Protein chains: 2
Amino acid sequence: MQTLSKNQQIIFDLIDKSPEPMKAYAILFNVQKKGIKAPLQVYRALDKLVEIGKIHKIESRNAFIACQNSSCQVSKATAFSICEICEKVTEISSSSLSKYLTNFKDKDGMKYSKYNLEFFGLCKKCR
Amino acid sequence: MQTLSKNQQIIFDLIDKSPEPMKAYAILFNVQKKGIKAPLQVYRALDKLVEIGKIHKIESRNAFIACQNSSCQVSKATAFSICEICEKVTEISSSSLSKYLTNFKDKDGMKYSKYNLEFFGLCKKCR
DNA sequence: TTACATAGTGTTATATTATAACAATTAAAA
DNA sequence: TTTTAATTGTTATAATATAACACTATGTAA
Ligand SMILES: [Zn+2]
Ligand SMILES: [Zn+2]
Ligand SMILES: [Zn+2]
Ligand SMILES: [Zn+2]
């Protein structure tokens, strides 16, 4: 439980109350009235928030979402479902999935310290 | 087995012989002597090659790699290991992994039509 | 062959995403 | 306190990706 700096808190609050992943420049636009005026200020806060696991980056969308598992202290094992029509993104919290992937060894016996998994399909509403 | 257009073939050959994932503008630089002069020409070929499964995009790196499983006719189930030091990327071909993920259902019973998984760690050489 | 549809190409301009470099300020730890 | 690390503010620029339009090649079907 880390205390966030001013910019980090402003940006986290915005992402956290967004029903969908937010892109960096959409964040910038939304926080300009709070005095955050430059892309770098946004990216710096995003980097830190990702590092401490408060938000995750959806790599296939260049967008950021608040962690929906209060347990993700650090972003090292993330899985998302992404609707290809409405772009709704949900963080998957399945202990069997995370167990499987955390223990996965490739054919050389190598284990990995981190992973990111993105599933694509149609959400309930869009089917 | 689709026959590639001229630009698609040039760009595929380049990526295929590269020992590491290539970024779009590195590709552009390398094919300029062959008459491909604009980013859009590169991106169009990349889009098509991804669509037909001859190459994959490593989302966390914005880079492209030739498919290493001759079986991936279409890119809908991809998994990679990525070394965080040397950036070496390998396509993982594990039937148990692909079986597990293809059949994965989330807690609402939803199955997905596509996924992309990226594992991170240190490769043999970098450990 | 001719007509038509589809896919691919070439080109210019521009949009979107992200980082470099430097100076100043604040918070924390020794 | 002093000194170290983290954060902020700012300008400029790099890297990644798409829009729009005109044209050309290729395949299919009458
Ligand atoms: Zn999380
Ligand atoms: Zn949907
Ligand atoms: Zn493949
Ligand atoms: Zn390595």
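Source: prediction; values computed, not measured.

### Re the protein's contact with DNA strand D
Near DNA strand D, the surroundings consist of 15 residues, among which A:Q41, A:R44, B:K23, B:L40 and B:K57 are the closest. Among atoms of DNA strand D positioned within 4 Å of the protein, sugar and phosphate together represent 44%. B:Y43 is positioned with one of its side-chain polar atoms (N or O) 3.1 Å from a phosphate oxygen of DNA strand D. B:K57 has a polar side-chain atom sitting 2.7 Å from a phosphate oxygen of DNA strand D. Sorting the residues of the surface near DNA strand D by element identifies α1 (6-17) and α3 (39-51) of chain A together with α3 (39-51) of chain B as the ones contributing at least two each.

### Points about α3(A)
It helps to recall that an α-helix has 3.6 residues per turn; residues three or four apart then point in one direction. Residues and elements named next belong to chain A. Here α3 contains 13 residues, and its C-alpha end-to-end distance of 18 Å stays within 8% of the 18 Å for a straight helix at 1.5 Å per residue. Every buried residue belonging to α3 is among V42, A45, L46 and L49, and all of these are buried. An end-on view of α3 places all buried positions within 105° of arc, on one side of the element. Turned more than 90 degrees from where α3 packs its buried face, R44, D47 and E51 sit exposed. In the stretch just after α3, G53 is the one whose phi turns positive, near 80°.

### Regarding the interface of chain A and chain B
Counting residues at the interface gives 27 residues for chain A, matched by 27 residues for chain B. For the pair chain A and chain B, the two sides together bury roughly 2500 Å², of which 63% comes from carbon and sulfur. Three residues, A:Y100, A:F119 and A:F120, lead the burial of chain A against chain B; their summed loss comes to 21% of the area buried on that side. On inspection of chain A and its partner chain B, the count reaches 2 salt bridges. Two residues, A:E84 and B:K114, come together in a salt bridge whose shortest N-O distance is 3.4 Å. Where chain A meets chain B, there are 12 residue pairs in polar contact (both at pLDDT 80 or more). Per-element accounting of the side of chain A that touches chain B gives the leading share, 8 residues, to strand β5 (residues 114-121) of chain A. For the side of chain A that touches chain B, the residue count by class is 13 nonpolar, 7 polar and 7 charged. Inspection of the sheet shows β5(A) paired to strand β5 (residues 114-121) of chain B by 7 bridges, in the antiparallel sense. Along β5(B), the bridge assignment pairs A:F120 with B:K114.

Each value, and the rule that gives it
- As a convention, each chain's residues are numbered from 1 in the sequence order in which they are written.
- Starting at A for chains and at 1 for ligands, labels are handed out in the order in which the entities are written.
- The model is predicted, so local features are restricted to residues of pLDDT at least 70 and side-chain atom pairs to those at 80 or more, both for listing and for counting; the totals for chains, interfaces and linings are taken over all residues.
- Side-chain descriptors were evaluated using all non-hydrogen atoms of the structure, hydrogens and water having been removed beforehand.
- Whether a residue is near a molecule or strand depends on its heavy atoms: if one lies within 4 Å, it is near.
- As used in this structure description, the phrase polar contact means that two N or O atoms lie within 3.5 Å; if the pair is within protein, one of them must be able to donate a hydrogen and the other to accept it, and residues adjacent in sequence are counted only when both atoms belong to side chains.
- Numbering goes from the N terminus for both helices and strands, where a helix is a DSSP run of H or I of at least four residues and a strand is a run of E of at least two.
- For a helix, the expected span equals 1.5 Å multiplied by the number of residues minus one.
- Under the scheme applied here, a residue whose accessible area is under 20% of the maximum for its type counts as buried, over 50% as exposed, and between as partly exposed, the area being computed with a 1.4 Å probe on protein chains only.
- As used here, the arc belongs to the directions running from the helix axis to the C-beta atoms.
- In what follows, residue pairs with any heavy atoms lying within 4.5 Å of each other are defined as contacts.
- When two parts are put together, the accessible area they lose, computed with a 1.4 Å probe and summed over both, is reported as buried area.
- What counts as a salt bridge is simple: a side-chain nitrogen of Lys or Arg found within 4 Å of a carboxyl oxygen of Asp or Glu.
- Side-chain classes follow a simple rule in which Ala, Val, Leu, Ile, Met, Phe, Trp, Tyr, Cys and Pro form the nonpolar group, Asp, Glu, Lys and Arg form the charged group, and the remainder, Gly included, forms the polar group.
- Strands pair, by our definition, only if DSSP identifies at least two bridges between them.

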